[in-house]
Every structure is written in C-alpha cells, then in structure tokens.
Amino acid sequence: MQNIDPTTTLAWGKLQQHFEEIKEIKMQQLFSEEPQRFNDFSIHWEDFLVDFSKNRITRKTQELLLELAEECGLEEAINSYFGGESINRTENRPVLHTALRAKDSECVRVDGENVIPEVFEVKAKMEAFSNAIISGNTKGYSGKKFTDIVNIGIGGSDLGPAMVTEALGFYKNHLNIHYISNVDGDHVHEILKPLNPETTLFVIVSKTFTTQETLSNAITSRKWFLDSAPQEAVQKHFVAVSSNVEKVQDFGISKGNIFPMWEWVGGRFSLWSAVGLSVSLAVGFTKFNELLEGAHKMDVHFKKEPFIKNIPVQLALLSVWYNNFFKAESEVVIPYSQYLQKLPSYLQQAIMESNGKSIDRNGNPVGYETGNIIWGEPGTNSQHAFFQLIHQGTKLIPADFIGFKKSLFGDKGHHDKLMANYFAQTEALLKGKSQDEVKKELSKQGLKLEQIETLLPFKVFEGNKPTTSLLIEKLTPGSIGKLIAMYEHKIFVQGVIWNIFSYDQWGVELGKQLASKILKEINASDVSNHDDSTNNLLNSYLKK
Ligand code: F6P
C-alpha cells in the first residue's frame, strides 16, 4: 500500500477547481437537466438499490473522484487488504476480517499459513456449542436448561454482537440475550438482578482479556454466580472468546471453554468471529452463517466490481467529497427500521475509531480533514427529534437513509406509513420549500399579507441537502451482513484516500493510562500532581 498525500494528486487540484464551479449548484436543476440522473447515479446489486442521485455531484465530480481513487492507489490497496499484507503497519498486522466470511475452498495466508481451516474449526465449535445450548442438551449445574445468556465485553466485543442481536430480533429463539459493557456497577447489577444463576450462561468477550471494564464485570458476575453456585459450576456457566488463552485460564475458564480469535481481526471488525457467539446463540448458527454469507457477497462485490458500480467505493468517495471540499463535519445514518436502532452507535466505533486520525501514513500531520463524525437514530423517531436541524440548520449534513421494501411482521399499513416518511424526507431535503410556495400555502390558509410576510423567512426550506437512499428488499441475516460489510469497506476506502492507518486505535490509550493512575490515587485517598481543575474535582469526589 502506497503512502500518497491526496492533496498532492492532480485529481485533488481538479476537484478543488470543480468544487468552486459547482458548489452553489442546485440538485433540482441537475435533475431537470439530466433525465438519466437516477440511472447514472444508482446501483442495483442483489437485493440492494443504492440511489446516490440526490447528492451534489455531476458526472464530472464522479470522474474526478474516481481519478483521485486511482491516483491514491486504491486498486493496489484493495489487493493488499484482501491478500493479508500487514496493512495495519503501526501494529504490524494484516486486517483480515474478510477471511472470517470466506468460503472454505479459499486460501488466505498469514505468515505463510492458510488461516481458513482454523476459521472453520472455530465455526464448527460455535455451531456445536450453539446447538447444544439452544436445544437444552447442555444444561446448567443444577440440571436446568439455560434461559439467559450474558455477553460481557466492550467496544468491538459488545457493539457489534449487540447491534446484530437486536437487528435480527425477529429471527430470535427463546434465549434471552443480555449485554453488559459499562464499568458502571449499576449496569452489571441491574442486568443480573432478575437472573437465575442456575440458568444463566456468561460469554466473556475480550480480544486482549486485559480490558478493565470487561474484567471487572466478569469478576463481579462470577462472584454473583458463586454466591449460590458451587465453584466447579463455573466451567459449565462461563465461556470466553479471546486471543489471550493464558489470561482467560488465569481467570478460571478452562481451555475447552475458550473460543479463539486472532490478532489479524480488529476488535471493531470482529463480530464475524466467535465474538458473534451471542448472536449465534440468539438466532442459531445457520442464521449466523447467513450473516457471514451476506458479508462475503459484499466482499466479492467490493473486490471485483469496477469502481463506477462499486457500492463501498462510491459511498466513500461521496463522503470524501463532502468532508474535504464542502467541509461537512458529520454524516447522519437514519435506518427506517426499529431493529436497526443500534446501527449508528455501532458505526460510531467502526468509523470514528478507524478514521479519527491526524497523522498520515508517513508519520506527518495531515493538512486536510479526515474522519467524519457519525451519528443517527431510526426514522421516524429522529424526524421528531433532530431533523429540524438537518432541514433548516446552518450545517450541511449528508444523510444515509436505509429502508426495506418488506416489513417482517407484514403489517402493510404501518410499513407504508413508515416508508412514505422515508421517501418524503429525502424528497423534502432535496426540494425544500420556496418563498412562493410558502406564500401560496399561507394565503390558502387565510393569513393576511402582513402575517405572511412576518412568517415567511421561518417557513422557507432551502433544500439541496444531500441524501443517499439504500432500499433493501427485506431485513434478513444476509442483507444485514451485506450492509455492515458495505460500511466496513467504505471505511477502508476513506482511509486509503486520506493516507491514514485505519486499523489502529492509539487514541484510546491515554485516557486508559490516566484512569488507572487516578484509580490508585482514589484508593489511597491521595490526590496529587494534576491540573487545578482535576485536583479540585477529585478532592470533591473523595469528600462525598
Ligand atoms: O477501545 C479500545 C478497544 O481496544 C477497542 O478497539 C476494542 O474493541 C475494545 O477496546 C475492547 O477490547 P477487548 O476486546 O480487547 O476487550
């Protein structure tokens, strides 16, 4: 993978000039001038229709963005990514979450070894374990079937599986799945409160098995369990997913109860590994595997499809266009499905932990904007919360609208209402409402001229707000796999263009180090050597 400062490319200069020419252009004007616009700027692929025609782009913008991708060596970078090169150079690791959903006939080498057989061995172990727990063949220490699964993890060891468990809620079996992540003791105690130790299975997920939050919650849960269960029952009720076998064994979980993961899988991209064990328990291994198959299809699309019809490439380039030329600071993701309510927070880690970097791949500070801020909530709820700002605020916020053609329970009345809002919002953001339209509307309502003039500026919608619509046939494990993999590859493309390392996360270390130092001071009731603000806050806490 080459280290190319995007701003030194020819394409960047051309894009800058092109931006000056079209920055004021109205998308509505483009739609009226280009009858082919929808066809030109949409991609039909499998059960996905991705419409990016409601964006502030022309054919020329697209051509120049594609030139930028070429000059930044995107094609070569994709080969390095899938080929297992150590593209996570600051941690000297390949980035191979794609190998977790590869076919068993494929060969992906890490240090000369094909890792696919090992991946399938772990999948077989997950399948057997999930079947035994779901069927009730494997029972708790007192002979009762398991009813509740508690996943203990944080970051990638929580957000991915928690998001997918919720997304696939429609396909779930009888097991109740709980997620404990925060070191806030109120979280763990609240979750444990109604549970019966005899029927509760704990899945401790931590790649490193050194994470303070996860270990604290695991210790507290084991103590809660042992308040009523015998010591030897721990082996029946605690399993772990980790790449640190030694530390898991130190905790008291035997080797047979460990589901391995590998250094070449980043935490925030790990839900496809045994980190997804709680998902497999929730919906069964067959459905979990369908999720992997969906992701694999997106991998093949991303690897093989020409960039002009390549969904992750097009979405990433659009994002670069807004981030670096329009200087948009954030992007919003609005899933029109309550099942996807956790998608935005999952994407926050995936996107912001990956591309929130200010040092380029040469080790120099970047002279341009990188990772965007990501946020969102499901529609229609978000329409009644923050859409005001998107429609009439001062900021440009490109939005992804995700909708499904079919509802899962088949309630057509509700689904038509939901989707009418999905379509209406992107149209409203495109068109806005002109002064003339507002005047006509208010005079129809019988308002006097003077009242109309007073209200007019507040009722006008500028429009021309960019949106990308993803219209998917149905929410299934396969389509969710495709959707997540789509965002994963978008992140990769952006990192390539911005010339940053997307797969490390050094930025989370400083806070962790200081927290452990401060915890020692709290335990010793001895506060020293901080800035005046922190000293006073700590002293006030200690006086509680
Ligand atoms: O927050 C940093 C981080 O390392 C994430 O990247 C990771 O997903 C999370 O902590 C949890 O790490 P682990 O799985 O090792 O407990």
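Relevant structure appears above.
These numbers come from a predicted model, not from an experiment.

Reading the values: the criteria
- Residues numbered from 1 in each chain as written.
- Predicted model: local features only at pLDDT ≥ 70, side-chain atom pairs only at ≥ 80, totals over all residues.
- Heavy atoms only, no water.
- Helix = DSSP H or I, 4+ residues; strand = E, 2+ residues; numbered from the N terminus.
- Buried < 20%, exposed > 50% of the residue type's maximum accessible area, 1.4 Å probe, protein only.
- Contact = heavy atoms within 4.5 Å.
- Polar contact = N/O pair within 3.5 Å; in protein donor to acceptor, adjacent residues only side chain to side chain.
- Pairing = 2+ DSSP bridges.
- Axes fitted to C-alpha atoms, helices over the stretch in contact; angles between N-to-C directions.
- Near = heavy atom within 4 Å.
- Areas by Shrake-Rupley, 256 points an atom, 1.4 Å probe, with all protein chains shown as cover.
- 1 Å grid on protein atoms, 1.4 Å probe; cavity = no way out; pocket = protein on both sides within 12 Å on 5 of 7 lines; lining within 4 Å.
- Sits in = over half its atoms within 2 Å of the grid points.
- Points joined across faces, edges and corners; volume = space filled by probe spheres on them.
- Nonpolar A, V, L, I, M, F, W, Y, C, P; charged D, E, K, R; others polar.
- Domains from an automatic or database assignment.
- Phe/Tyr/Trp six-rings, centres within 6.5 Å; stacked < 30°, edge-to-face > 60°.

A. Local environment of the environment of Tyr-179. Locating Tyr-179 in the fold gives a position in strand S6 (residues 176-180). Classification of Tyr-179 as buried rests on a relative accessible area of 13%. Considered as a pair, Tyr-179 and Ile-480 are 301 residues apart in the sequence and their alpha carbons are 20 Å apart. Residues contacting Tyr-179, with those up to four places away along its chain left out, are Asn-151, Asp-158, Pro-161, Ala-162, Thr-165, His-187, Ile-191, Ser-278 and Val-279. In terms of polar contacts, Tyr-179 uses its side chain to reach the side chain of Thr-165, at 2.7 Å.

B. Summary view of the sheet that holds strand S2 (residues 48-51). Read from one edge to the other, the open sheet built from six strands follows the order S1-S2-S13-S12-S10-S11, with strand pairing classed as mixed. Edge strands, defined here as strands with exactly one partner in the open sheet, are strand S1 (42-45) and strand S11 (373-375). Each strand of the sheet is rotated relative to its neighbour by a mean of 15°, with strand direction disregarded. As paired elements, S1 and S2 share four bridges and run antiparallel to each other. Bridge assignment links His-44 to a residue of S2, and that residue is Leu-49.

C. Here's a closer look at the site of the ligand. Neighbouring the ligand are 14 residues, the closest being Ser-157, Ser-206, Thr-208, Thr-211 and Glu-353. In this structure, Ser-206 approaches the ligand through a side-chain N or O atom, which is 2.6 Å from an oxygen atom. Within the side chain of Thr-211, one N or O atom sits 2.5 Å away from an oxygen atom of the ligand. With the chains in place, 87% of the 400 Å² that the ligand exposes on its own is no longer accessible. Here the ligand occupies the largest pocket.

D. Geometry of the layout of surface pockets. Of the voids in this model, the largest pocket is the one considered here, and its volume is about 980 Å³. Forming the walls of the largest pocket are 36 residues, and the residues nearest its centre are Thr-208, Thr-211, Gln-505, Val-508 and Lys-512. Within the residue set of the lining of the largest pocket, elements represented by two or more residues are helix H9 (212-226), helix H15 (343-355) and helix H21 (509-524). For the lining of the largest pocket, the element with the highest residue contribution is H21, accounting for five residues. In terms of residue class, the lining of the largest pocket is made up of nine nonpolar, 18 polar and nine charged. Domain assignment of the residues forming the lining of the largest pocket places at least three in each of domain 2 (103-289) and domain 3 (509-542). Approximately 450 Å³ is the volume attributed to the second largest pocket. If you go around the second largest pocket, you meet 19 residues; those closest to its centre are Ser-337, Gln-338, Ser-407, His-415 and Leu-418.

E. Structural view of the packing of aromatic side chains. In the structure shown here, the tally under the stated rule is 34 aromatic pairs. Their ring planes at 75° and their centres at 6.4 Å tell us that Tyr-81 and Phe-302 sit as a pair that is edge-to-face. Of the two residues, Tyr-81 is situated in helix H5 (residues 74-82) and Phe-302 in helix H13 (residues 285-304); the sequence distance between them amounts to 221 residues. Using a relative accessible area of 0% as the deciding quantity, one classes Tyr-81 as buried. Plain terms: the ring middles of Trp-321 and Phe-325 are 5.5 Å apart, the flat faces sit at 35° to each other, and that makes the pair tilted. We note that Trp-321, like Phe-325, is buried. Three or more aromatic residues joined by ring pairs make a cluster, and in this case those are Trp-12, Phe-19, Trp-321, Tyr-322, Phe-325, Phe-326 and Tyr-368.

Taken by themselves, the reported measurements are silent on function.
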